[in-house]
Amino acid sequence: MHLPLAFLVFGLAATLAPSCVSAPSSTIGSSTGSAPHVVHEKRAADPLDWFLSHKPSPAKILPLRIGLTQQNIDKISDLLMAVSHPDSPDYGKHWTPQQVVDTFKPKAESVDSVVGWLREFGFEREKIRTSANKGWVEVMASVEEVERLLGTEYHVYKHVETGEEQISCETYSVPADLRKHIDLIKPTVHFNHRPSPKTTTKFKRAATGANLGKPGVSTVGPKKSPDASPVPPSLENCDKMITLDCLKALYDVPDFNPVSTDTNSYGILEFTPQAFLAGDLDLFFSNFSPSLVGVRPKTVLIDGGTVVQTTNQSFDFNGESDLDLEYGMSLVNPQTVTLLQTGDLVEGAGFDNWLDAVDGSFCTFEGGDDPTQDGIYPDPLPGGFKGPESCGILAPPFVVSTSYGQDESTITAFSATRQCNEYGKLGLMGTTILYSSGDNGVAGNGGVCLNSQGQPVADGSMFNPDFPATCPFVTAAGATQVNPGSTVLDPEGACEQVIFSGGGFSNIFAIPDYQQTAVSSFLTNHPPPYTSAQFNNSGTSRAFPDLAANGANYVIGIDGEFELVFGTSCSSPVVGSFITMVNDARLAAGKGPVGFINPAIYSDQFQDAFNDITMGTNQGCNTVGFTATDGWDPVTGVGTPNVTKLIPLFLSLP
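On a predicted model such as this, the values are computed, not experimentally measured, just so you know.

A.B. asks: Describe the overall build of the protein chain, listing the residues and the values that go with them.
C.D. replies: Within the protein chain, the regular secondary structure consists of 14 helices and 27 strands. Across the 654 residues of the protein chain, 65% fall into the buried class. Expressed as a percentage of contacts within the protein chain between residues at least 6 apart in sequence, the contacts between residues at least 24 apart total 79%. On the protein chain, roughly 21,900 Å² of surface is accessible, and the fraction owed to carbon and sulfur atoms is 53%.

Given below as C-alpha cells:
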C-alpha cells in the first residue's frame, strides 16, 4: 500500500541517496573527523514554473540557520489536550510564555554539539550566534562553505514568467551522531514555489511567503461573481448574497453587547501587498454597520507591514483584507479588531514572520525565518523595510484568523512540523488559531494534484491537502452555502459555487486523539470510493476541516463598489468572530479565553452546538471528492456553529 509522502513523516531514511551532486566523502568527513554523514532532508516537491538556471557564486553569503531539537516537543499534544479538553481537570489553565520557553528549550547538549560541529569545521566562535532560548544556531557562511558542511550543491532557479531567481538545494546531509540534535537547516531544500508580490499571479493561496496577500479572481477565494450587484440585506435573498443579517440568522447569533472589550482581543492576519482601503470599509459599514463608519482596526505593523499601500489598488490587492475586516469588525462591534499587517512591498512575508511577532523566541538572528519562505528583515533591497525584525512585539491575541495557506506538498515535513508546534505553543497560552481550509476541494492551489510520488503535477490524480490546515494544533474552517432556491431556515450544503471546500487527509501529520473517533466513524460508515493511490486512507493521519461556515456570495465593498466573493476566506474570520463572542462571555464571568477549541468541538457534549451538513461534495483531481454526510466529514468538519448554544457550553467549563 502506497501512502503518499509517508517517508517524510519522521524524515528520510539514513540510507537514502541525495539526488543532487554531493561533495566528495573525504571533504565531508573533514568537517567532523570521521563521522559519517546521512541525508537529513529532501526537497518536498520539485518547483513548478521554475527551471534550474546556474550555479551561484561560491563566495555568496548565506545566513545559515540550524533549528535544534526541542525538549518535550513529543509531549506537546498531551500538554495541549490537558488545558483544552472539556473533561480535563486542567481545562483553561493556560501557560505563561516563560513556561513555554522553559519546557521546550533544547538541551544544552544539543547546543554544545552543534556549535562544536561548526567550530570543528572552522567557523570562529564569535561568528556563531544562538537564539535567546537556544532554539536556533546561526552562522553567516559562503555557498562553498555550506556545500562542504552539508554535503550538498546549491543551484539558482529562475521563474519562467518573471525571471525571478531563488537559491536552493535538493538534499542536505549532517553527521549521523548530530541528527538527533537537529530539526532542520535553512536555507536548504525549502524551495519557495511562488513568484514574489511584485509579479502577477492567479492564486491567493499559492505557497507561503511574499505573495500571500494577493487573492485571485479565478480559482481561489475570495472570488467575484460576474453578475454581482448591490442589493438590500434581505434574508429572502441569502441564497444569492450573504450579508451580516444572513449570517446571524444562519448561526443563531444573539445580540452582541460585549462587556470585556478592554481585555478581549481578536486578530486578523494579512500579508502585504494585500491591504484594506478605508473607503471600502466605509462603503460596507454605511450599508450594513453604520456605527463603524470611520472606525479602523487597531493596526500592528509586522516587519514593515504596509496597511494602506496605494501602489496597487484592485480586487487582487484589496479583496482579502476588505472582506476579512468588513465582516470581522462588524460581527464583533464594538470589540476592537487587531490587524496583523505583515511584510513590506519588497520582501512580503510568510507564516513565520507573524509567529515572530507574537513569540520572540521563534525569530532568528534570534529565531526561525526561512529566506525561501519568509521575508528577512532588515530588508536590503531598494524600497525594503530597514527597521529591525519584529520579534515579540505583541501578546498573542485570544483569536487569530488567517485566510491564507499553501499546498502541504510544497513544504517539508521538518519545516511543517516545526511551524505546527509553534501553533501548539500558542494554544497552550490560550490562543485560538483559525486557518481557512482551501478552495479547491481535494486538490491543491490552482487545482493541482499529485502524482504517485507525492509531487505536484499538471495531470496528477492524488489528492493535495492544504497547510497549515493539516496542522493538528489549528482549527481549519471549511465552507458551506445556502443552496440555490433555499432560505436561511433550510439546511446548508457544502460550498459548490465557484469554490469547493478544502478537505481531506494529511500526508505529514498523524491523527490527533481528539478526532480519532469522528474520523474512524466516517471511514467505517461512509468509506470513500478511492484507494491509497488517491488519498491517505490509512485512518492514522490528521483529517480536516474541523468545522465550517458559509463561504458563498458574500457582499463586500471593494474598490468603491459592491461585489460578491466566495471562499473559505469568508469562513475563517466569521468563525473567529463567533469565538471572540464566546471569549467575551467567559472573560465577563471571570474565566479565561477558550484557547485551542478542537478537543471541545469534537466532544459529545458539544455535538448539539453544531449544524450537521449532509449535502454536497468537494470535488477535485477529476473526482467528486469527499461527500458531506452525517457526523464529521472531510468537507465541512463537525458542521457550522450555533452561537446561542456554543456560548453557554463554553461558559460551563472552568
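A.B. asks: Give a detailed account of the pattern of salt bridges, specifying residues and quantitative values.
C.D. replies: By the definition in use, this model includes eleven salt bridges. Linking Asp546 and Arg542 is a salt bridge whose minimum nitrogen-to-oxygen distance equals 2.7 Å. Like Arg542, Asp546 is buried. Salt bridges sharing common partners tie together Lys55, Glu147 and Glu153.

A.B. asks: Lay out the packing of aromatic side chains with the relevant residues and their values.
C.D. replies: Inspection of every chain in the model, using the stated rule, returns 23 aromatic pairs. Note on Tyr514 and Tyr602: the rings are 5.4 Å apart at their centroids and 45° apart in plane angle, and the pair reads as tilted. With a gap of 88 residues between them, Tyr514 in the loop between strand 21 (504–510) and helix 11 (516–525) and Tyr602 in the loop between helix 13 (598–601) and strand 26 (610–611) connect regions that are remote in the sequence. Grouping residues by exposure puts Tyr514 and Tyr602 together as buried. An aromatic cluster is built from Phe463, Phe505, Phe522, Tyr530, Phe535, Phe626 and Trp632, whose rings are joined through pairwise contacts.

A.B. asks: Which residues make up the state of the cysteines, and what values do they have?
C.D. replies: Simply put, disulfide is the name for a covalent bond between the sulfur atoms of two cysteines. For the coordinates displayed, the defined rule picks out three disulfides. The disulfide bridge from Cys238 ends at Cys246, spanning 2.0 Å between sulfur atoms. Disulfide Cys238-Cys246: the torsion about the S-S bond is -85°, which places it as left-handed. You can call Cys246 buried: its relative accessible area is 0%.

A.B. asks: An account of the nonpolar core is needed here, citing residue identities and associated values.
C.D. replies: Judged by nonpolar contacts, the single largest core of 127 residues is most densely connected at Trp354, Tyr423, Tyr554 and Phe650. Counting residues per element, this core draws most heavily on helix 12 (residues 568–588), which supplies eight residues. Not counting residues within four places of it along the chain, the set of residues in contact with Tyr423 comprises Phe351, Trp354, Leu355, Ile433, Tyr435, Pro468, Cys471, Phe473 and Val474. Counting 31 residues, the second largest nonpolar core, distinct from the first, contains Leu118, Ile128, Leu150 and Cys169.

A.B. asks: Report on the environment of Asp102, specifying residues and quantitative values.
C.D. replies: Residue position: Asp102 is located in helix 3 (residues 97–104). As for Asp102 and Gln71, which are separated by 31 residues in sequence, their C-alpha atoms are 9.2 Å apart. A polar atom in the side chain of Asp102 sits 2.9 Å from the side chain of Gln98.

A.B. asks: How would you explain helix 3 if you had to name every residue and give the values?
C.D. replies: For helix 3, the full list of buried residues reads Val100, Thr103 and Phe104. An end-on view of helix 3 places all buried positions within 75° of arc, on one side of the element. As for helix 3, its buried residues are in contact with helix 2 (76–84) and helix 10 (413–428).

A.B. asks: Talk me through helix 7 (residues 278–288); I want residue IDs and the actual numbers.
C.D. replies: Among the residues making up helix 7, those that are buried are Asp280, Leu281, Asp282, Phe284, Phe285 and Phe288. Against the buried residues of helix 7 lie helix 6 (244–250), helix 8 (315–332), strand 24 (554–558) and strand 25 (561–565).

A.B. asks: An account of the packing of helix 12 against helix 14 (residues 643–651) is needed here, citing residue identities and associated values.
C.D. replies: Direction vectors running N to C along helix 12 and helix 14 enclose 40°, while the axes themselves pass 9 Å from each other. One finds that helix 12 runs oblique with respect to helix 14. Of the two possible hands of crossing, helix 12 and helix 14 adopt the one that is right-handed. Residue-level contacts link Phe578, Ile579, Met581, Val582, Ala585 and Arg586 of helix 12 to Val643, Leu646, Ile647, Phe650 and Leu651 of helix 14. Residue composition of the contact of helix 12 with helix 14, by class: ten nonpolar, no polar and one charged.

A.B. asks: Which residues make up the pairing of strand 21, and what are the values?
C.D. replies: The two faces of a sheet get side chains in turn, since along a regular strand they alternate between them. A large share of strand 21 lies buried, amounting to six of its seven residues. The sheet contact formed by strand 21 and strand 22 (residues 541–544) spans three bridges and is antiparallel. Bridge pairing in strand 22 places Phe505 opposite Ala543.

A.B. asks: Residue-level account of the sheet that holds strand 7 (residues 165–168), with values.
C.D. replies: Read across the sheet, three strands follow the order 2-6-7 without closing on themselves; strand pairing throughout is antiparallel. The outermost strands of the open sheet, each flanked by one partner alone, are strand 2 (50–54) and strand 7. Ignoring strand direction, the axes of neighbouring strands in this sheet form an average angle of 40°.

A.B. asks: Residues and numbers for the side chain of Ser409, please.
C.D. replies: For Ser409, the position within the fold is in the loop between strand 14 (406–407) and helix 10. Classification of Ser409 as buried rests on a relative accessible area of 2%.

A.B. asks: Give a detailed account of the environment of Pro468, specifying residues and quantitative values.
C.D. replies: Mapping Pro468 onto the fold places it in the loop between strand 18 (466–467) and strand 19 (475–481). Using a relative accessible area of 0% as the deciding quantity, one classes Pro468 as buried. Between the C-alpha atoms of Pro468 and Gln419, which are 49 residues apart in sequence, the distance is 8.6 Å. Not counting residues up to four positions away in its chain, the partners in contact with Pro468 are Phe351, Tyr404, Gly405, Gln419, Tyr423, Tyr435 and Val474.

A.B. asks: With reference to specific residues and values, describe the pairing of strand 13 (residues 399–402).
C.D. replies: Here strand 13 shows a buried face lined by Val399 and Ser401 and a second buried face lined by Val400 and Thr402. As defined by bridge partners, strand 10 (residues 266–271) adjoins strand 13 across four bridges and the pair is classed as parallel. Within the sheet, the bridge partner assigned to Gly267 lies in strand 13 and is Val400. Pairing analysis gives four bridges linking strand 13 to strand 15 (residues 432–436), with the strands arranged parallel. Along strand 15, the bridge assignment pairs Val399 with Thr432.

How each quantity is defined
- Residues numbered from 1 in each chain as written.
- Predicted model: local features only at pLDDT ≥ 70, side-chain atom pairs only at ≥ 80, totals over all residues.
- Heavy atoms only, no water.
- Helix = DSSP H or I, 4+ residues; strand = E, 2+ residues; numbered from the N terminus.
- Buried < 20%, exposed > 50% of the residue type's maximum accessible area, 1.4 Å probe, protein only.
- Contact = heavy atoms within 4.5 Å.
- Areas by Shrake-Rupley, 256 points an atom, 1.4 Å probe, with all protein chains shown as cover.
- Salt bridge = Lys/Arg side-chain N within 4 Å of Asp/Glu carboxyl O.
- Phe/Tyr/Trp six-rings, centres within 6.5 Å; stacked < 30°, edge-to-face > 60°.
- Disulfide = S-S within 2.5 Å.
- Core = buried A, V, L, I, M, F, W, Y, C linked by side-chain atoms within 4.5 Å.
- Polar contact = N/O pair within 3.5 Å; in protein donor to acceptor, adjacent residues only side chain to side chain.
- Arc of directions from axis to C-beta.
- Axes fitted to C-alpha atoms, helices over the stretch in contact; angles between N-to-C directions.
- Parallel < 35°, antiparallel > 145°, perpendicular 65-115°, else oblique.
- Left-handed = near helix turned anticlockwise from the far one by under 90°.
- Nonpolar A, V, L, I, M, F, W, Y, C, P; charged D, E, K, R; others polar.
- Pairing = 2+ DSSP bridges.

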